[in-house]
2 protein chains.
Amino acid sequence: MARKTGSHSEITGPRIRDAALRLFARHGYATVSMRQIAAEVGVQAGALYLYTADKQALLFDLMQDHMINLLAAVEALPQMPTPQARLEQFARFHIGYHLDRPDAVFIAYMELRNLSPENFATIEALRRRYEDYLQTILQDGAFALPDPKMATLALIAMLTGVTNWYREGGRLSREDVQTLYADMALRAAGVAGGAAQSG
Amino acid sequence: MARKTGSHSEITGPRIRDAALRLFARHGYATVSMRQIAAEVGVQAGALYLYTADKQALLFDLMQDHMINLLAAVEALPQMPTPQARLEQFARFHIGYHLDRPDAVFIAYMELRNLSPENFATIEALRRRYEDYLQTILQDGAFALPDPKMATLALIAMLTGVTNWYREGGRLSREDVQTLYADMALRAAGVAGGAAQSG
DNA sequence: GTCTATAGTACGATAGAC
DNA sequence: GTCTATCGTACTATAGAC
């Protein structure tokens, strides 16, 4: 800390991104200044511009990386035999993945309007691909949903909402929450028997 | 328009609030300047301070009014005979009320972190009262939910999510959306037969 | 009640020394 | 690669004329 000079390009870049992620999530992109980010990393503001073109690029890169990683993770899930198992797997995955990355998730949902139009379009396309993954599951006849597209958006909103209140070490464990939400998702989608009715 | 002087205290105040509501929702509290709000109303920036102590008070008043009106509206709903009917009524109400006030809703959910700590506590208390209204419904034995508090948060997140995608004049009517979401909420809460299975 | 003008501060981004 | 210093701009909020 407080080291004044030296070569740290492999380390400073990620640290800038980590600091920006945390600060943007906590205070909002528009509120956070480049000086704050620099102070968090322990460099001067000017040094940030060796690693990012500008503040907007910093936000965009964080969101794009998050969405690309999310997509890669969901598409790497093992194939499940039944529509019900696929939906349950998705619900558990979505909650687990989002609980692991609260800052990235928060930014991805809250800072869309601070993206430039072109950057917004790129992120929206990635998000749409993620939604399509769930929609494909829900389109299976086993669910008989009148509107799978709408159900997709409803379920994703429900599952993502867990990040608004879940706190590590609280009354419910991560597993509890995954089970309870997966059950609600299965029931909402019209499956009679959820995974575990807890009781 | 472009009138330069005169007495408009009864009219300028509400117009400032309307402009702030629209601009905050569209661009975010932190991004919008007092000059932008003033320009939208047609006065100079300094004139705003005759109607609000500062920018923070403007945001707080908008959020507080929204939450108070929302609470008054939900508490004025006619009493329904069964738990299922109460949940369906709540789901339809929540969606209808939120679709009618997209800007206020957006601000109430997105700008919480831009409130001062004291103002945040006030708004959170109001939100908690609204959640309690639904939680009371869900605590009825008819639903047999393992965790009514969590189910409350899950359902509110799902229902509120409709504001992220619904557009007037789109594929689904307001009534369609209310029906489909109410059905999903009823099923998620563990009620076998929803209001209308649409088929 | 609204205006013009401005004090005081903070910002994003860049230039040039080391 | 990081620093110091700074340019040009924008902001919130206030003071004082009308």
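Residues numbered from 1 in each chain as written. Chains lettered and ligands numbered in written order. Predicted model: local features only at pLDDT ≥ 70, side-chain atom pairs only at ≥ 80, totals over all residues. Heavy atoms only, no water.

Trainee: Describe helix α7 (residues 148-160) of chain B, and please don't skip the residues or the numbers.
Mentor: Since one α-helical turn is 3.6 residues long, residues separated by three or four positions face the same way. The terminal C-alpha atoms of α7(B), which comprises 13 residues, lie 18 Å apart, in line with the 18 Å expected from a rise of 1.5 Å per residue. In terms of burial, α7(B) is largely enclosed, as 12 of its 13 residues are buried. Those residues of α7(B) that fall on the buried side of the exposure criterion are Lys149(B), Met150(B), Ala151(B), Thr152(B), Leu153(B), Ala154(B), Leu155(B), Ile156(B), Ala157(B), Met158(B), Leu159(B) and Thr160(B). Each element contacted by the buried residues of α7(B) is listed here: α7 (148-160) and α8 (174-188) of chain A together with α4 (83-100), α5 (102-110), α6 (117-138) and α8 (174-188) of chain B. (Helix = DSSP H or I, 4+ residues; strand = E, 2+ residues; numbered from the N terminus. Expected span 1.5 Å × (residues − 1). Buried < 20%, exposed > 50% of the residue type's maximum accessible area, 1.4 Å probe, protein only. Contact = heavy atoms within 4.5 Å.)

Trainee: I'd like a description of the domain arrangement of chain A, backed by residues and values.
Mentor: Residue and element names in this part refer to chain A. Annotation of chain A at the domain level lists domain 1 (1-52) and domain 2 (54-188). Counting from both sides, the interface comprises 15 residues of domain 1 and, opposite them, 15 residues of domain 2. Both sides together, the interface formed by domain 1 and domain 2 hides about 1,400 Å², and carbon and sulfur atoms give 66% of it. At the junction of domain 1 with domain 2, the criterion picks out 1 salt bridge. Measuring nitrogen to oxygen at the nearest pair gives 2.4 Å for the salt bridge that ties Asp65 to Arg17. At the surface where domain 1 touches domain 2, the tally comes to 7 residue pairs in polar contact (both at pLDDT 80 or more). Taken together, the elements giving at least two residues each to the side of domain 1 that touches domain 2 come down to α1 (9-27) and α2 (34-41). For the side of domain 1 that touches domain 2, the element with the most residues is α1, which contributes 7 residues. (Domains from an automatic or database assignment. Buried area = accessible area lost by both parts, 1.4 Å probe. Salt bridge = Lys/Arg side-chain N within 4 Å of Asp/Glu carboxyl O. Polar contact = N/O pair within 3.5 Å; in protein donor to acceptor, adjacent residues only side chain to side chain.)

Trainee: Describe empty space enclosed by the protein, listing the residues and the values that go with them.
Mentor: Throughout the structure, instances matching the rule amount to 3 cavities of 30 Å³ or more. Within this model, the largest cavity holds a volume of roughly 120 Å³. In terms of lining, the largest cavity is formed by 18 residues, of which the most central are Glu111(A), Arg113(A), Asn114(A), Arg113(B) and Asn114(B). Of the residues contributing to the lining of the largest cavity, the split by class is 6 nonpolar, 8 polar and 4 charged. (1 Å grid on protein atoms, 1.4 Å probe; cavity = no way out; pocket = protein on both sides within 12 Å on 5 of 7 lines; lining within 4 Å. Points joined across faces, edges and corners; volume = space filled by probe spheres on them. Nonpolar A, V, L, I, M, F, W, Y, C, P; charged D, E, K, R; others polar.)

Trainee: Give me the interface of chain B and chain A: which residues, what numbers.
Mentor: How big an interface is tends to be reported as the loss of accessible area on association of its parts. At the junction of the two partners, chain B supplies 38 residues and chain A supplies 38 residues. Regarding the contact of chain B and chain A, the summed buried area is about 2,800 Å², with carbon and sulfur atoms giving 65% of it. Contact with chain A buries area across many residues of chain B, yet Arg113(B), Met150(B) and Met184(B) alone supply 24% of it, more than any other trio. Linking chain B with chain A are 4 salt bridges, by the criterion used here. Note that Arg113(B) is salt-bridged to Glu111(A), the shortest N-O span being 3.0 Å. Across the chain B-chain A interface, the total number found is 10 residue pairs in polar contact (both at pLDDT 80 or more). Looking at the side of chain B that touches chain A element by element, the count peaks at 8 residues for α7(B).

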